[in-house]
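Listed here are the chains, written in short residue letters.
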Amino acid sequence: KDLLIVRGMKHYPQDIELTAERQDPSIRAGCVAAFSVGDDGEESIAMAMEIDPRRLSGDGPERDAALARIIGAVRTAVVEHHGIVLSSVALLSLGAIPKTSSGKIRRQQTRDDFLHGTLAVLRSETAIGNTGEEIPPDAPLTPTPLSALATRDERLAALDALLLERGARLVKRN
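Report on the accompanying structure. This is a predicted model, so every value here is computed, not measured.

1. Details of the side chain of His-82
In this fold, His-82 is placed in helix H2 (residues 61-82). In this structure the side chain of His-82 is engaged in a polar contact, spanning 2.7 Å, whose partner is the side chain of Thr-19. Beyond its immediate sequence surroundings of up to four residues, His-82 is in contact with His-11, Asp-15, Ile-16, Thr-19 and Ala-77.

2. Brief notes about the sheet that holds strand E6 (residues 121-126)
A sheet is described by the order of its strands in space; here four strands give the open sequence E3-E4-E5-E6, paired in mixed fashion. Where the open sheet ends on each side, the last strands, each with one partner, are strand E3 (27-36) and E6. Neighbour to neighbour, the strand axes of the sheet diverge by 15° on average, direction disregarded. Lying over the sheet, H2 contacts E3, strand E4 (45-51), strand E5 (88-92) and E6, oriented at roughly 45° with respect to E6. Against the sheet, helix H3 (residues 107-116) makes contact with E3, E4 and E5, and its axis sits at roughly 75° relative to E3, the strand it touches most.

Quick notes on the rules
Residues numbered from 1 in each chain as written. Predicted model: local features only at pLDDT ≥ 70, side-chain atom pairs only at ≥ 80, totals over all residues. Heavy atoms only, no water. Helix = DSSP H or I, 4+ residues; strand = E, 2+ residues; numbered from the N terminus. Polar contact = N/O pair within 3.5 Å; in protein donor to acceptor, adjacent residues only side chain to side chain. Contact = heavy atoms within 4.5 Å. Pairing = 2+ DSSP bridges. Axes fitted to C-alpha atoms, helices over the stretch in contact; angles between N-to-C directions.

Following this line, the structure appears as structure tokens:
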């Protein structure tokens, strides 16, 4: 059975995947994989999910902003419902999640493809500071000024991810 252990707590990947699926109608039901990417005794969780492009509005910058909003919504929901800060979130093209002949998600294969960079990624984000290094509490939230990001939606999505990461660091210390 698949089981993810984060800070001593057991989580079923199906529960986390369902939480993610419910965050936006463009996330394809049954096409989300949560998997471990930890290596040094501290387990980190990443997610990969297929996006239906027909359900996205706009193109170019509008589409990028919509993808950023989806990632932000998924990260927020997973923290709120499961207490897990996702180390990475990848939004994928249709058909990118490996499945068995009966249609079940192949999480280990998805993990391997994710780590080797062979998934058809539309957009991905990695949480800043999730490298296992201790980050001082007075460290800047972001190495890049938010004003350098093109749109307001991109700045809000980046700020959401950074605040979630800062909150997770504070919880981890306590």
